[in-house]
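Survey of secondary and tertiary structure
So you can see what is in the structure, the chains are spelled out below.
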Amino acid sequence: KKRMEALTIQPKVAVPAAPLSPPPSPPEAGEVRQRADGQTLQVGENVLWEGTEWPCWPCCCLAPLFCSAIKWTVTNKKIDKEHGCCGTSEDTIDVRRITDLKYRASPVWTCCCCCRGTLVVFAADNTDSEVKITTWGTRSLYLGLKEAWGTAKANVAVETGEGV
């Protein structure tokens, strides 16, 4: 006769597939955090991406001559767009107003590993209901903004009109 020994199964601790990144360091007392354009960041606001889009690509080398650069600052709270002749116009979209995000990259740029694509932001906004950012490195911007949007949606309080 073979003797069967009792099996004991021990639970294992879950291990993340990738190391977690540390949260951003809080600013030192009295330290003012700023974006690249010089504007002060709000408490809890973190820059996800800052960049410049040159319209009329691949002829974009002439864009500076016509003051047609579009400067973007995307934080976990808002998307700012500075455009027009010498940056005379500015638009802002609150991340909480985003209704959908879309990322598209041409197969030509994907095959060449050039990381050029278009991020399309759909928002519940009468003036800017659809905003496109077409430049280099937009895939990582898309992923960061998608995470910030999910967090913003989870933190939105809904008022029902009923007294509590």
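Residues numbered from 1 in each chain as written. Predicted model: local features only at pLDDT ≥ 70, side-chain atom pairs only at ≥ 80, totals over all residues. Heavy atoms only, no water.

Points about the nonpolar core
Ranked by internal contacts, the top residues of the largest apolar core, which has 20 residues, are W72, I79, I98, L101, L119, V121 and L145. At 5 residues, helix α2 (residues 138-154) tops the list of elements feeding residues into this core. (Core = buried A, V, L, I, M, F, W, Y, C linked by side-chain atoms within 4.5 Å. Buried < 20%, exposed > 50% of the residue type's maximum accessible area, 1.4 Å probe, protein only. Helix = DSSP H or I, 4+ residues; strand = E, 2+ residues; numbered from the N terminus.)

Focus on the sheet that holds strand β7 (residues 130-136)
In spatial order, the strands read β5-β6-β7; together these 3 strands make up an open sheet with antiparallel pairing. Only two strands of the sheet have a single neighbouring strand rather than two, namely β5 (98-104) and β7. Mean inter-strand twist for the sheet, computed between neighbouring axes without regard to direction, equals 15 degrees. Inspection of the sheet shows β5 paired to strand β6 (residues 116-123) by 6 bridges, in the antiparallel sense. (Pairing = 2+ DSSP bridges. Axes fitted to C-alpha atoms, helices over the stretch in contact; angles between N-to-C directions.)

Side note on the packing of aromatic side chains
Throughout the structure, instances matching the rule amount to 1 aromatic pair. Here R116 stacks its cationic end above the ring of W136, 5.0 Å away from the centre of that ring. Over the ring of W149 we find K153, and its NZ or CZ is 4.2 Å from the ring centre. (Phe/Tyr/Trp six-rings, centres within 6.5 Å; stacked < 30°, edge-to-face > 60°. Lys NZ or Arg CZ within 6 Å of the ring centre and 35° of its normal.)

Some points on the confidence of the model for the protein
Taken residue by residue, the protein gives an average pLDDT of 79. The fraction at 70 or more is 63%. Per-element confidence in the protein is highest for β5, whose mean pLDDT is 95, and lowest for helix α1 (residues 107-111), whose mean pLDDT is 60. (pLDDT = per-residue confidence, 0-100.)

Considering α2
With 17 residues, α2 should cover 24 Å at 1.5 Å per step; its first-to-last C-alpha distance of 24 Å lies within 8% of that length. Within α2, burial applies to T138, L141, Y142, L145, A148, W149 and A152. Mapping the buried residues of α2 onto a view down its axis gives an arc of 135 degrees, with all of them on the same face. Turned more than 90 degrees from where α2 packs its buried face, S140, E147 and A154 sit exposed. (Expected span 1.5 Å × (residues − 1). Arc of directions from axis to C-beta.)

Focus on the pattern of salt bridges
Scanning the model with the defined rule gives 4 salt bridges in all. We note a salt bridge from D80 to R35, for which the minimum N-O separation is 2.5 Å. A residue pair is termed long-range when its members are at least 10 positions apart, and D80 in strand β3 (residues 78-83) and R35 in the segment before β1 (47-53) qualify at 45 residues. The pair formed by D80 and R35 is uniform in burial state, with each residue classed as buried. Two residues, R96 and D94, come together in a salt bridge whose shortest N-O distance is 2.7 Å. On the accessibility criterion, D94 (25% relative accessible area) is partly exposed. Within this structure, R35, D37 and D80 form a network of salt bridges that share partners. (Salt bridge = Lys/Arg side-chain N within 4 Å of Asp/Glu carboxyl O.)

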